[in-house]
Amino acid sequence: MKIEQAVALIKDKLPEKRVTHSLNVAETAVKLAEIYDGDAQKAELAGVLHDYCKYDDLGTMYQIVTSRGLDSNLLSYGVEILHGPVAALIMQETFGIDDEEVLLAIKNHTTGRAQMTKTEKLVFIADYIEPGRQTPGVEEIRELAYNQGSLDKTIYEISKRTVLYLISKDINVYDATIACLNYYNYSDERVKDD
Ligand code: DGI
Ligand code: FE
Ligand code: FE
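The rules behind each value
Residues numbered from 1 in each chain as written. Chains lettered and ligands numbered in written order. Predicted model: local features only at pLDDT ≥ 70, side-chain atom pairs only at ≥ 80, totals over all residues. Heavy atoms only, no water. Donors = N, O, S within 2.8 Å, 3.2 Å for Na, K, Ca; no water. Axes fitted to C-alpha atoms, helices over the stretch in contact; angles between N-to-C directions. Helix = DSSP H or I, 4+ residues; strand = E, 2+ residues; numbered from the N terminus. Left-handed = near helix turned anticlockwise from the far one by under 90°. Contact = heavy atoms within 4.5 Å. Nonpolar A, V, L, I, M, F, W, Y, C, P; charged D, E, K, R; others polar. Buried < 20%, exposed > 50% of the residue type's maximum accessible area, 1.4 Å probe, protein only. Salt bridge = Lys/Arg side-chain N within 4 Å of Asp/Glu carboxyl O. UniProt positions renumbered as here; feature names shortened; annotations may be inferred.

**Student:** Any chance you could explain the coordination of the iron ion (ligand 2) here in plain terms?
**Tutor:** Metal coordination angles in their ideal form are 109.5 degrees for the four-donor tetrahedron and 90 or 180 degrees for the six-donor octahedron. Bound to the iron ion (ligand 2) are the protein donor atoms D51 (OD), H83 (NE2) and H109 (NE2), situated 2.1 Å from the metal. All donors to the iron ion (ligand 2) come from one chain, and their sequence spacing reads D-x31-H-x25-H.

**Student:** When you look at the packing of helix α7 (residues 118–129) against helix α8 (residues 138–147) in this model, what are you seeing that I'm missing?
**Tutor:** Helix-helix packing: each pair is described by the crossing angle between the helix axes and the interaxial distance. Two numbers describe how α7 lies on α8: the axes approach to 10 Å, and their chain directions differ by 145°. For α7 against α8, the interelement crossing comes out left-handed. Contact with α7, carried on its side by I125, Y128 and I129, involves V138, I141, R142, A145 and Y146 of α8 and no other residues of that element. A breakdown of the residues in the contact of α7 with α8 according to their chemical character gives 7 nonpolar, no polar and 1 charged.

**Student:** In this structure, what is going on with the coordination of the iron ion (ligand 3)? I would like to understand it.
**Tutor:** Only H21 (NE2), H50 (NE2), D51 (OD) and D127 (OD) from the protein coordinate the iron ion (ligand 3), and they sit 2.2 to 2.3 Å from it. One chain supplies every donor to the iron ion (ligand 3), and in sequence these donors are spaced H-x28-H-D-x75-D. Exposure remark for D51: the relative accessible area of 2% places this residue in the buried category.

**Student:** Which parts of the structure should I look at to understand the pattern of salt bridges?
**Tutor:** Opposite charge on two side chains makes pairing possible when the charged atoms of those side chains draw close. Enumeration according to the criterion identifies 12 salt bridges in this entry. D152 is paired through a salt bridge with K121; the nearest N and O atoms lie 2.8 Å apart. Pair noted here: D152 is in helix α9 (residues 151–168) and K121 is in helix α7, with a separation of 31 residues, a long-range link. Taking relative accessible area as the criterion, D152 reaches 9% and is therefore assigned buried. Residues K160 and E157 are paired through a salt bridge, measuring 3.4 Å at the closest nitrogen-oxygen approach. Here the residue K160 and the residue E157 both occupy positions in helix α9, the gap between them amounting to 3 residues, near one helical turn. Residue K160 is classed as partly exposed on the basis of its relative accessible area of 31%. Residue E157 is classed as buried on the basis of its relative accessible area, which comes to 8%.

**Student:** Explain the UniProt feature "domain: HD/PDEase" (unreviewed entry) in the chain to me, please; I cannot follow it from the model alone.
**Tutor:** The UniProt entry lists residues 14–141 under the feature "domain: HD/PDEase" (unreviewed entry), expressed in the numbering used here. For the annotated span residues 14–141, helix accounts for 62% and strand for 0% of the residues, and the straight-line distance between the end C-alpha atoms is 27 Å.

**Student:** For this particular structure, what's the right way to read helix α10 (residues 175–183)?
**Tutor:** In an α-helix, one full turn covers 3.6 residues, which means residues spaced three or four apart are oriented alike. For α10, every residue scored as buried is listed here: A176, T177, C180, L181 and Y183. Buried residues in α10 make contact with α9.

**Student:** Could you clarify how one ought to interpret unusual backbone geometry in this entry?
**Tutor:** In terms of backbone geometry, most residues other than glycine have negative phi values and most peptide bonds are trans. Its identity is not glycine, yet D37 carries a phi of approximately 55°, on the positive side. Along the chain, D37 turns up in the loop between α2 (16–36) and α3 (40–49). Residue classification places D37 among the exposed positions, given a relative accessible area of 67%. One non-glycine residue, Q115, lies in the positive phi region at around 55°. For Q115, the location among the structural elements is in the loop between α6 (100–107) and α7. Judged by its relative accessible area of 51%, Q115 is exposed.

So this is what it looks like as structure tokens:
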């Protein structure tokens, strides 16, 4: 899919604020691709499309999870966890996107996972640090991402903050979120992929 078509798709479907966020994520992911020698085209496309299903009907999303055999644990969660996996599936089935890195980056943008591809990492981080985000402490993560030279350390710090936030609100943590936290924990001694 060409980037113009992706932008048209989200402008047709998402409210203006979410379109702005999505374009910011795409632009941020491209910047990170330049710093970290990633694929800017893939990062941009996944960034534009990552929140395509953010406002979809939850019942319809559960039907998609069941009928397409997605992880059944998804059925214990809400739209926050479902919109990535469902968007990836729709981009593949309905819009014919077949690039695995783009699909994975859309699928896992909320939770991350262990052993992410470069494009997944770029979109996961870009979603957290795009210029419109005002989460307390986001400046520290921007500094890490832009000036400290480690995607993996940035991912760990994002994961840690997300999990601490979820626990403080008694919100359940999805398996992939925990797997991401543990995998990118740089205090742990296991050898990582980069
Ligand atoms: O879609 P966005 O708002 O741009 O951002 P996102 O897709 O990263 O979603 C962020 C929300 O997802 C935030 O409210 C925290 C929530 N979230 C992240 N990991 C988990 C989670 N929610 C639950 N229940 N469990 C998780 O593991
Ligand atoms: Fe999202
Ligand atoms: Fe987003």
